[in-house]
There are 2 protein chains.
Amino acid sequence: MLPVVVVHGGAGHIPKERSERSTSGVRSAAQSAYAVLKRGGSSMDAVVDAVMLLENNPSFNAGCGSVLNIKGEVEMDALVMDGKTLSSGAVSAVRNIANPIQLARLVMEKTSHACLTAEGASQFAHFMGIPEVPQESLITEYSRMRWKKNLEPDANPVECQMGKMGTVGAVAVDTDGNVACATSTGGLLNKMEGRVGDTPCIGQSPEAASDLGLAHMKSRVGGLGGVVTVDPQGNWAARFSSRQMAWAAAQKDTLHYGLYTGENFTQIMEDTH
Amino acid sequence: MLPVVVVHGGAGHIPKERSERSTSGVRSAAQSAYAVLKRGGSSMDAVVDAVMLLENNPSFNAGCGSVLNIKGEVEMDALVMDGKTLSSGAVSAVRNIANPIQLARLVMEKTSHACLTAEGASQFAHFMGIPEVPQESLITEYSRMRWKKNLEPDANPVECQMGKMGTVGAVAVDTDGNVACATSTGGLLNKMEGRVGDTPCIGQSPEAASDLGLAHMKSRVGGLGGVVTVDPQGNWAARFSSRQMAWAAAQKDTLHYGLYTGENFTQIMEDTH
């Protein structure tokens, strides 16, 4: 069953003209991360590799392609967690870097803290030698268009939010049986400056935790979302209560990927290496 | 059994010369919050009242009296949660305000977000009319002395950390049976700029959750801490795995308070109104 990696591109409504790019994006990320695992890389190497590819892909709401805050700026959140040691690292409201997930990993590995935020996170990035990138390089035409549209007097903020996908993420188990996960996001469209999103809660078995989490979110706050999980034996699952979610999983030299829509899975595809 | 409020002053080592001030501080906070509940205030009103008193009390690591970061500055984190609606509000790495808990409550009540950080949190405070206070007003002689001591070449950072208490907190149930909680902290002594601490995980029953949480923290990461809980029936508990924790609880017109040290509770006191 090992190694295995599962990747998702964020739950939410995916416009038809963008669904192919989403699916191919998660497919490439799973493929690349799986190659990392096959050549003996750790699950942490794999999930960071996958999420970096999603951050660099303008089709996703993370890194380049992040949604803009109310001022038209990019502020990003990211987190990694290592199942072996339970150590984790995160950054919130970070600006002007291409790969927040890389910085989250450095917070875990190089500091005694679990999360650095805003200006403090930027200072740490500088100290670690991570290049500062101009904000413009993270902003796509599409995200600027959506930001402007949401500022129009007759804009419906709730509708606008639904048109954009959320956090991207990856989970993996390496050949040593160690689990790791990574998530990254630009957050909510037209969010207030300094807004920090939900941080993960660690609980029971992966399956029980995701079902419980989704059911709880739906029943108590009417929220919809998606989760990808892998247990140390390599059993994986992608579950969602939202409208759509692009996902991809690599295991036993086979790539599964697809776009969840409605009650049934559609477009499940397999590539054998 | 209702109403009830339980307050703690942060788990950790409490120097002997400071233990009386800690105990009297949590006692006053529980007393004041209990009066809020008795005159029909909500559990949210009560916990914010209690935590504001602890923030204003220089004996605790929250608000005035917060530990200093590596640069000698005060950056604070705070969170409120309403058990009735499951809504929550938080601020992280916020500066130059006297009562971060008040701002956390405003994040919950006045924004669509759950957390605002750093400069964005300051802007929101300004917008809400919360007065900016000079940093100096939050810094005590004691915290500056400890900061300097930790910068000395022969300082032992781990030992220094152990000398300071952590997050303060309060939980309450009002006469309508609604639970609320509030926590506030200056974080870790000599932390990096922008460091954000652990955010709460919401789980099972209060007792099971606190036992599980403490056991898990101890077994997996060797961490020690303390928890105060109240269930909607008004059953309360204060548990800890750390060296010491000052706590106070008010219920049935009686105030219980004390200082936990070692395996057994010591100094449990009762005041009847």
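This text follows the structure it describes.
Quick summary incoming for the structure in this document. (Residues numbered from 1 in each chain as written. Chains lettered and ligands numbered in written order. Predicted model: local features only at pLDDT ≥ 70, side-chain atom pairs only at ≥ 80, totals over all residues. Heavy atoms only, no water.)

1. Focus: the relation of the copies chain B and chain A
When chain B is fitted onto chain A, the two copies agree to an RMSD of 0.0 Å after a turn of 180° and an axial shift of 0.0 Å. The operation mapping one copy onto its partner corresponds to a two-fold rotation axis. In this assembly the copies share their binding face: 100% of the residues contributing to the interface of chain B also contribute to that of chain A. (Least-squares fit on C-alpha atoms with pLDDT ≥ 70 in both. Contact = heavy atoms within 4.5 Å.)

2. Some thoughts on the pattern of salt bridges
All names here are of chain A. Applying the stated criterion across every chain, the model contains 14 salt bridges over all chains. Residue arginine 144 pairs with glutamate 136 through a salt bridge whose shortest N-O separation is 2.7 Å. Overall, arginine 144 belongs to the partly exposed group, its relative accessible area being 25%. Judged by its relative accessible area of 51%, glutamate 136 falls in the exposed class. (Salt bridge = Lys/Arg side-chain N within 4 Å of Asp/Glu carboxyl O. Buried < 20%, exposed > 50% of the residue type's maximum accessible area, 1.4 Å probe, protein only.)

3. Quick notes on helix H1 (residues 16-38) of chain B
The terminal C-alpha atoms of H1(B), which comprises 23 residues, lie 34 Å apart, in line with the 33 Å expected from a rise of 1.5 Å per residue. Of the residues flanking the end of H1(B), it is B:Gly40, one or two places downstream, whose phi is positive at about 90°. (Helix = DSSP H or I, 4+ residues; strand = E, 2+ residues; numbered from the N terminus. Expected span 1.5 Å × (residues − 1).)

4. Quick look at the interface of chain B and chain A
In this complex, chain B contributes 29 residues to the contact, which on the side of chain A involves 29 residues. Overall, the association of chain B and chain A removes approximately 2,100 Å² of surface from exposure, summing both partners, and the carbon and sulfur fraction of that is 60%. Between chain B and chain A we count zero salt bridges in total. Taken together, the connections running from chain B to chain A amount to eleven residue pairs in polar contact (both at pLDDT 80 or more). Breaking the side of chain B that touches chain A down by element, the ones donating at least two residues are strand S4 (115-117), helix H4 (118-127) and helix H7 (206-221) of chain B. If one sorts the elements of the side of chain B that touches chain A by residue count, H4(B) sits on top with five residues. Residue composition of the side of chain B that touches chain A, by class: twelve nonpolar, ten polar and seven charged. (Buried area = accessible area lost by both parts, 1.4 Å probe. Polar contact = N/O pair within 3.5 Å; in protein donor to acceptor, adjacent residues only side chain to side chain. Nonpolar A, V, L, I, M, F, W, Y, C, P; charged D, E, K, R; others polar.)

5. Focus: the pairing of strand S2 (residues 76-82) of chain A
Residue and element names in this part refer to chain A. The buried fraction of S2 amounts to seven of the seven residues, a majority that puts the element mostly inside the structure. Burial of S2 is two-sided: the residues Met76, Ala78, Val80 and Asp82 facing one way and the residues Asp77, Leu79 and Met81 facing the other way are all buried. Relative to strand S3 (residues 88-94), S2 is paired through five bridges, and the arrangement is antiparallel. Looking across to S3, one finds that alanine 78 is bridged to valine 91. Bridge analysis of S2 against strand S6 (residues 179-185) gives six bridges, and the strand direction is antiparallel. Bridging across to S6, aspartate 77 finds its partner in threonine 185. (Pairing = 2+ DSSP bridges.)

6. Re the environment of A:Ser66
For A:Ser66, the position within the fold is in the loop between helix H2 (43-56) and S2. In contact with A:Ser66, other than residues within four places in its own chain, are A:Phe60, A:Asn61, A:Val74, A:Met76, A:Leu138, A:Ser143 and A:Gly186.

7. Regarding the packing of helix H1 (residues 16-38) of chain A against H2(A)
Residue and element names in this part refer to chain A. The N-to-C vectors of H1 and H2 enclose an angle of 155°; their axes lie 8 Å apart at closest approach. Judged by the inter-axis angle, H1 sits roughly antiparallel to H2. You can see that H1 and H2 cross each other, and the crossing is right-handed. Residues Gly25, Val26, Ser28, Ala29, Ser32, Ala33, Val36 and Leu37 of H1 touch H2, and the partners they reach there are Ser43, Asp45, Ala46, Asp49, Ala50, Leu53 and Leu54. (Axes fitted to C-alpha atoms, helices over the stretch in contact; angles between N-to-C directions. Parallel < 35°, antiparallel > 145°, perpendicular 65-115°, else oblique. Left-handed = near helix turned anticlockwise from the far one by under 90°.)

8. Section: unusual backbone geometry
All names here are of chain A. Despite not being glycine, alanine 93 shows a phi value in the positive range, around 50°. Within the element layout of this structure, alanine 93 appears in strand S3. Alanine 93 sits in the buried class, given a relative accessible area of 2%. For asparagine 190, which is not glycine, the phi dihedral falls at a positive 55°.

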